[in-house]
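# Tertiary structure, described
Read off the chains here:
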Amino acid sequence: MALDRKPTPNDLNAFWMPFTANRQFKKTPRMFVASKDMHYTTSDGRQVLDGTAGLWCCNAGHCRPKITEAIQKQAAELDYAPAFQMGHPVAFELANRLVDIAPKGIEHVFYTNSGSESVETALKIAIAYHRARGEGARTRLIGRERGYHGVNFGGISVGGIVNNRKMFGTLLGGVDHLPHTHLPGQNAFTRGQPEHGANLADDLERIVALHGAETIAAVIVEPMAGSTGVLMPPKGYLEKLRAITKKHGILLIFDEVITGFGRLGSAFAAQHFDVLPDMMTTAKGLTNGVIPMGAVLTTAEVHDAFMQGPEHMIELFHGYTYSGNPIASAAGIATLDTYKEEGLFERANDLAPYWEDALHSLKGLPHVIDIRNMGLIGAVELEPMAGEPTKRAFTAFLNAYEKGILIRTTGDIIAMSPPLIISKAEIDELIGKLAEVLKTLP
């Protein structure tokens, strides 16, 4: 069937694009007009291999029939239902399905619309949880340097990426940060979890000694830090964080917005690393990126702390107009069906060694100073150009697009996280073309 492609609009001025060099883009636009499985189609008719699952989110590939049909059917049957004091069956069904694949001990789901909202929700729940238990002084939040937890005020406060923070004032008070886990001098070109750095979790004890455990509500970390450039947790690091937080009565939140739904070869990173947090924030792969949706998954202990007092009273004064939206919920169920029926989590696990070998074949190419990988995610770190940080990787991004592959860059790091449906031949194509790009970089 011929695609009815819309031409690029004559005027691109109105749309202020997110996380984009707007002036550069609008001089030479890069427009996608269609997608299917592993590929995007550009406005000039080229096929581009998706090496990033969109923005870490299209884990089952693009325009998958079951998801498309579920959205169409739900839109014609029940387009919207209020989430406050009313319900609809699809949201409850999806919550049950999420609990079914979650780590043992995770029993409840609170819906949001994005990863950023999931983080804000989890931080609010953490503070309110302690207050509900009579420990209202526990209001401090601990994040991590180089952490990414979305772009709302709570998220950038506990986050640790300087460009996401420095323009926006003093942010939330009562926030501290653990050191990041990137030790290139000791862990460069590690395959999987690095050997060195578990001791970095011990810094939490210093923070506890500084502020007092009785003032700290929660620690939030990405089990594997994605947006900052794919930083793996050192062996034993997450286990130490869990032990220290438990010791001091502090909640542990895993930001699984990127790692959730098969990226590391398990439903969630909590299962991959065998560490159970008190809450997990999710989004992206929850609906395969097709409809905005997020969810905070919690233990019964966290949930039940709120289920006190008169039963006619609202237990948590928080939520969104679109929490558990019917169409998003239908997309979520169809996405989980697709993952299960096609065995995509297992597929990611099976392909991981092939992906690892392909990625590390880039070692020794010009300007490559580190390579990191786990599951179906990987990063190639480049030596920055003197006086022009980010320019070398951005040039690689532009050249890769021209060669027909989509990669993502953060600073001078190339990050890749292809859909879990990728084939070995497509891995070869992605890495092969990236090698050609790296060989010609200035």
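The present account deals with the structure reproduced in this document. (Residues numbered from 1 in each chain as written. Predicted model: local features only at pLDDT ≥ 70, side-chain atom pairs only at ≥ 80, totals over all residues. Heavy atoms only, no water.)

## A few points about the pairing of strand 11 (residues 368-374)
Of all 7 residues in strand 11, 6 are buried; the element is thus mostly enclosed. Pairing between strand 11 and strand 12 (residues 377-382): 6 bridges, direction antiparallel. Residue arginine 372 lies in a different strand from strand 12, and its bridge partner there is alanine 379. What sits between the antiparallel neighbours strand 11 and strand 12 is a turn of 2 residues, in which glycine 375 has the positive phi angle 50°. (Buried < 20%, exposed > 50% of the residue type's maximum accessible area, 1.4 Å probe, protein only. Helix = DSSP H or I, 4+ residues; strand = E, 2+ residues; numbered from the N terminus. Pairing = 2+ DSSP bridges.)

## A word on the nonpolar core
With 94 residues, the main nonpolar core has Val380, Met416 and Leu438 as its most contacted residues. Split by domain, this core shows at least three residues from each of two domains, domain 1 (20-50 + 343-437) and domain 2 (66-340). The contact partners of methionine 416, leaving out residues within four places of it in the chain, are Gly51, Trp355, Leu359, Leu376, Ile377, Gly378, Val380, Ile407, Leu430, Ile431 and Leu434. Counting 18 residues, the second largest nonpolar core, distinct from the first, contains Tyr129, Ala218, Ile220 and Ala305. (Core = buried A, V, L, I, M, F, W, Y, C linked by side-chain atoms within 4.5 Å. Domains from an automatic or database assignment. Contact = heavy atoms within 4.5 Å.)

## As for the pattern of salt bridges
Inspection of the entire model under this criterion finds 20 salt bridges. Across the pair glutamate 342 and arginine 64 runs a salt bridge, and its minimum N-O distance is 2.5 Å. In this pair, glutamate 342 is assigned in the loop between helix 13 (326-341) and helix 14 (344-360) and arginine 64 in the loop between helix 2 (53-56) and helix 3 (65-77), connecting sequence segments 278 residues apart. According to the relative accessible area criterion, glutamate 342 is partly exposed, its value standing at 37%. Residue classification places arginine 64 among the buried residues on the basis of a relative accessible area of 12%. Among the ionic contacts, a cluster of salt bridges with common partners joins Lys36, Asp37, Arg64 and Glu342. (Salt bridge = Lys/Arg side-chain N within 4 Å of Asp/Glu carboxyl O.)

## Regarding the side chain of histidine 182
If you trace the backbone, histidine 182 turns up in the loop between strand 6 (175-178) and helix 8 (184-187). According to the relative accessible area criterion, histidine 182 is buried, its value standing at 11%. A polar contact is formed between the side chain of histidine 182 and the side chain of glutamate 381, at a distance of 3.3 Å. The residues contacting histidine 182, other than those within four sequence positions of it, are Arg146, Leu231, Asp370, Arg372 and Glu381. (Polar contact = N/O pair within 3.5 Å; in protein donor to acceptor, adjacent residues only side chain to side chain.)

## Here we look at the packing of aromatic side chains
Scanning the model with the defined rule gives 7 aromatic pairs in all. Taken together, a centroid distance of 5.1 Å and an interplanar angle of 40° make the contact between tyrosine 339 and phenylalanine 345 tilted. When sorted by exposure, tyrosine 339 lands in the same class as phenylalanine 345, which is buried. Here the aromatic cluster, defined as three or more aromatic residues joined through ring pairs, consists of Phe261, Phe268, Tyr339 and Phe345. Positioned above the aromatic ring of tyrosine 401 is the side chain of arginine 46, whose terminal nitrogen or guanidinium carbon lies 4.9 Å from the ring centre. The ring centre of phenylalanine 189 lies 4.6 Å from the NZ or CZ of lysine 363, which sits over that ring. (Phe/Tyr/Trp six-rings, centres within 6.5 Å; stacked < 30°, edge-to-face > 60°. Lys NZ or Arg CZ within 6 Å of the ring centre and 35° of its normal.)

## Topic: the sheet that holds strand 13 (residues 405-406)
A sheet is described by the order of its strands in space; here 4 strands give the open sequence 1-2-3-13, paired in mixed fashion. Only two strands of the sheet have a single neighbouring strand rather than two, namely strand 1 (32-36) and strand 13. Alignment of strand 1 against strand 2 (residues 39-42), held across 4 bridges, turns out to be antiparallel. Bridge pairing in strand 2 places lysine 36 opposite histidine 39.

## What to know about the packing of helix 15 (residues 391-403) against helix 16 (residues 424-439)
Axis separation between helix 15 and helix 16 bottoms out at 9 Å; the angle between their running directions is 130°. In terms of their interaxial angle, helix 15 and helix 16 are classed as oblique. Note on packing geometry: the crossing formed by helix 15 with helix 16 is right-handed. Along the contact surface, helix 15 presents Ala396, Asn399, Ala400 and Lys403, while helix 16 presents Lys433, Glu436 and Val437. (Axes fitted to C-alpha atoms, helices over the stretch in contact; angles between N-to-C directions. Parallel < 35°, antiparallel > 145°, perpendicular 65-115°, else oblique. Left-handed = near helix turned anticlockwise from the far one by under 90°.)

## Description of the sheet that holds strand 7 (residues 216-221)
Sheet strands line up and pair through hydrogen bonds in the backbone, either parallel or antiparallel. The sheet built from 7 strands is open, its strands ordered 4-10-9-8-7-5-6 with mixed pairing. Two strands close off the open sheet at either side, each with one partner strand: strand 4 (106-112) and strand 6. Shown here is a sheet whose adjacent strand axes are inclined to one another by a mean of 20°, direction ignored. Here strand 5 (residues 140-144) pairs with strand 7 via 3 bridges, running parallel. Across the sheet, residue arginine 140 finds its bridge partner in strand 7, namely isoleucine 216.

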